[in-house]
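Observations on the model geometry
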Amino acid sequence: MQRAEDGHGPLFHRVFRVRIAEADIDGPRLLEHVCRHFEHFVPSEVVGIRAGELRAQGLDVADELLVEMPGPWNGPVRVVRRDRESLHLVTLRGHMEAGQVQFRARTDGDLLVFEIELWARAATRLVHVLYSHLRVAKEIQLNMWVRFCLSAVKISGGRLVDGVHIHTRRLSPPPRAARKR
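How each quantity is defined
Residues numbered from 1 in each chain as written. Predicted model: local features only at pLDDT ≥ 70, side-chain atom pairs only at ≥ 80, totals over all residues. Heavy atoms only, no water. Helix = DSSP H or I, 4+ residues; strand = E, 2+ residues; numbered from the N terminus. Buried < 20%, exposed > 50% of the residue type's maximum accessible area, 1.4 Å probe, protein only. Contact = heavy atoms within 4.5 Å. Areas by Shrake-Rupley, 256 points an atom, 1.4 Å probe, with all protein chains shown as cover. Core = buried A, V, L, I, M, F, W, Y, C linked by side-chain atoms within 4.5 Å. Phe/Tyr/Trp six-rings, centres within 6.5 Å; stacked < 30°, edge-to-face > 60°. Arc of directions from axis to C-beta. Pairing = 2+ DSSP bridges.

**Digging into the overall build of the chain**
Across its full length, the chain holds 3 helices and 8 strands. Counting across all 181 residues of the chain, residues that qualify as buried make up 49%. A separation threshold of at least 6 residues defines the contact pool for the chain, and within that pool the share at least 24 residues apart is 61%. Accessible area of the chain: about 9500 Å², with a carbon and sulfur share of 51%.

**Some thoughts on the nonpolar core**
Counting residues in hydrophobic clusters, the biggest one holds 31 residues, and the most contacted among them are F38, L87, F103, F114, I116, W145 and F148. Mapped onto this core, the elements with two or more residues apiece are strand 1 (8-21), helix 1 (27-36), strand 3 (64-68), strand 4 (75-82), strand 5 (86-91), strand 6 (97-108), strand 7 (111-122) and helix 3 (136-156). Sort the elements by how many residues they give to this core and helix 3 lands first, with 6 residues. For F148, the residues in contact, after removing those within four places along its chain, are V34, F38, F41, V42, F103, F114 and I116.

**Describing the packing of aromatic side chains**
Think of a pair of aromatic rings as described by two things: how far the centres are apart, and how the planes are tilted against each other in angle. Under the definition given, this model contains 7 aromatic pairs. Summarising the aromatic geometry, the rings of F38 and F103 are spaced 5.6 Å apart at their centres and angled 90 degrees between planes, so their arrangement reads as edge-to-face. With a gap of 65 residues between them, F38 in the loop between helix 1 and strand 2 (48-50) and F103 in strand 6 connect regions that are remote in the sequence. A residue is classified by how much of its surface remains accessible, and F38, at 6% relative accessible area, is buried.

**Focus: helix 1**
Of the residues making up helix 1, those classed as buried are G27, P28, L30, L31, V34 and C35. Down the axis, helix 1 shows its buried residues gathered within 160 degrees of arc, on one side only.

**Notes on the pairing of strand 4**
Across 4 bridges, the pairing between strand 3 and strand 4 is antiparallel. Bridge pairing in strand 4 links E64 to R78. Note: strand 4 against strand 5, 5 bridges, orientation antiparallel. Among the inter-strand pairings, R81 is bridged to a residue of strand 5, identified as H88. Hairpin geometry of strand 4 and strand 5 is characterised by an intervening segment of 3 residues between the two adjacent antiparallel strands.

This is the structure we're talking about:
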């Protein structure tokens, strides 16, 4: 795993959220679609997903994905938790970020709510410069997660309420992990 404390620069906490009216499916069913067809949620013109052999239920604990993007952005991740309403991935060595991402779907009154929550920082000093100063990597990530949310709306059969909500907090870096010898 590539933990946030192994990275460089500030820690970012980001939440991407869509609220969906008149959905044809509920939260667990939407998460099932995410786990079975993860590659259909990302913008295929810039992102490819390699998952290897998956079981019938799709992504599950210990499965690994490689998110392929133009440039040096390929991102290996591993599933560390999956339940009816959430999918939790952590970054692996070689990913541009050090941290984790969680996908959630739940009912809130008459609405279906889909969220992507990330806790991550740049994996290397170079990525830190590209993300925090030149903003190249940040724009790539922003586009990917917004498109992921919009794909969730489409798959649900419902309609988007109030657009895609994005909340970003920039936090102090966590203490560096002690290096094992």
